[in-house]
Amino acid sequence: PQAELQQRLQGIWRNQLGQTFSVLSQRFLIPKKILTGKNDSSRTSVEMKDPYSRPAIKYKRDNMDAYKTVFVGFPIWWYFAPTIVNTFLESYDFSGKIVILFATSGGSGMGEIYDRILPSCKGAKLIEGKVFSSNTSKSELSAWVAGLNI
């Protein structure tokens, strides 16, 4: 659902905002070490047990300086963003940039996500954003982007 929503949003952002933004694709949230399964050693379990864990990211974006607005999308895990989102945000200098969060969830809201991510965005204007379902319409997405006033 996250990838599908991201593709729809990317088209809307490009039409409404031009080229001044970067969409954090899932490629930049791929960990170097893949932890799978549904046990205590899975990635979700490891990250949720330790909110200070920072899984290493496999790929790094080489042109982040070119953007002034960055949309960061992620699935919500048990009311929190995966800590690899913090790893990403702590890997770049976002001073003077706008960082806008958006998420997908089966029912959770943003909860404490903003407060947990804010320290990772030093010098940036962090906008909490919104949680979307995978079947959110293009018109609702477009209205959200327009309402951001960026």
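Here's what I pulled together on the structure shown here. Bear in mind the structure is a predicted one, so any value in this text is a computation, not a measurement. (Residues numbered from 1 in each chain as written. Predicted model: local features only at pLDDT ≥ 70, side-chain atom pairs only at ≥ 80, totals over all residues. Heavy atoms only, no water.)

## A word on the overall build of the chain
Right, on to step 1. Looking only at helices and strands, one finds five helices and four strands in the chain.
Right, on to step 2. Going from N to C terminus, the chain has its helices and strands arranged as α-β-α-β-α-β-α-β-α.
Right, on to step 3. Residue burial in the chain is summarised as follows: out of 150 residues, 45% are buried.
Right, on to step 4. Here the analysis covers contacts within the chain between residues at least 6 apart in sequence; of these, 79% occur between residues at least 24 apart.
Right, on to step 5. In the form shown here, the chain has an accessible surface area of approximately 8,100 Å², with 50% of it arising from carbon and sulfur atoms. (Helix = DSSP H or I, 4+ residues; strand = E, 2+ residues; numbered from the N terminus. Buried < 20%, exposed > 50% of the residue type's maximum accessible area, 1.4 Å probe, protein only. Contact = heavy atoms within 4.5 Å. Areas by Shrake-Rupley, 256 points an atom, 1.4 Å probe, with all protein chains shown as cover.)

## Digging into the environment of Met-48
Right, on to step 1. By secondary structure assignment, the location of Met-48 is in helix 2 (residues 43–49).
Right, on to step 2. Judged by relative accessible area, which is 23%, Met-48 ranks as partly exposed.
Right, on to step 3. As for Met-48 and Thr-83, which are separated by 35 residues in sequence, their C-alpha atoms are 8.0 Å apart.
Right, on to step 4. Residue contacts for Met-48: discarding those within four places in its chain leaves Trp-77, Trp-78, Phe-80, Ala-81 and Pro-82.

## Some thoughts on the pattern of salt bridges
Right, on to step 1. Taken as a whole, this structure holds two salt bridges when the rule is applied.
Right, on to step 2. Taking the shortest distance from any N to any O, the salt bridge between Glu-90 and Arg-54 comes out at 3.0 Å. Taken as a pair, Glu-90 in helix 3 (residues 84–90) and Arg-54 in the loop between helix 2 and strand 2 (69–75) lie far apart in primary sequence, 36 residues in all.
Right, on to step 3. Assessed through its relative accessible area of 41%, Glu-90 is described here as partly exposed.
Right, on to step 4. Accessibility expressed as a relative area gives 31% for Arg-54, which makes it partly exposed. (Salt bridge = Lys/Arg side-chain N within 4 Å of Asp/Glu carboxyl O.)

## Some thoughts on the layout of surface pockets
Right, on to step 1. For the largest pocket, the calculated volume is near 230 Å³.
Right, on to step 2. Secondary structure elements with two or more residues in the lining of the largest pocket: helix 2, helix 3 and helix 4 (113–117).
Right, on to step 3. Looking at the lining of the largest pocket element by element, the count peaks at three residues for helix 4.
Right, on to step 4. In terms of residue class, the lining of the largest pocket is made up of eight nonpolar, three polar and four charged. (1 Å grid on protein atoms, 1.4 Å probe; cavity = no way out; pocket = protein on both sides within 12 Å on 5 of 7 lines; lining within 4 Å. Points joined across faces, edges and corners; volume = space filled by probe spheres on them. Nonpolar A, V, L, I, M, F, W, Y, C, P; charged D, E, K, R; others polar.)

## Remarks on the pairing of strand 3 (residues 98–104)
Right, on to step 1. The buried fraction of strand 3 amounts to seven of the seven residues, a majority that puts the element mostly inside the structure.
Right, on to step 2. Of the two faces of strand 3, the one carrying Ile-98, Ile-100, Phe-102 and Thr-104 and the one carrying Val-99, Leu-101 and Ala-103 are both buried.
Right, on to step 3. For strand 2 and strand 3, the ladder comprises seven bridges, and the chain directions are parallel. Within strand 3, the position partnered with Val-70 by the bridge is Val-99.
Right, on to step 4. Read from strand 2 through helix 3 to strand 3, the crossover connection turns out right-handed.
Right, on to step 5. Bridge count between strand 3 and strand 4 (residues 125–132): six bridges; the pairing is parallel. (Pairing = 2+ DSSP bridges. Right-handed = clockwise from strand over helix to strand, strands pointing away.)

## Looking at the environment of Asp-93
Right, on to step 1. Looking at the element boundaries, Asp-93 is found in the loop between helix 3 and strand 3.
Right, on to step 2. Residue Asp-93 is classed as exposed on the basis of its relative accessible area of 53%.
Right, on to step 3. Here the alpha-carbon distance between Asp-93 and Ser-120, two residues 27 residues apart in the chain, equals 9.9 Å.
Right, on to step 4. One polar contact links Asp-93 to Ser-95, side chain to side chain, over a distance of 2.6 Å. (Polar contact = N/O pair within 3.5 Å; in protein donor to acceptor, adjacent residues only side chain to side chain.)

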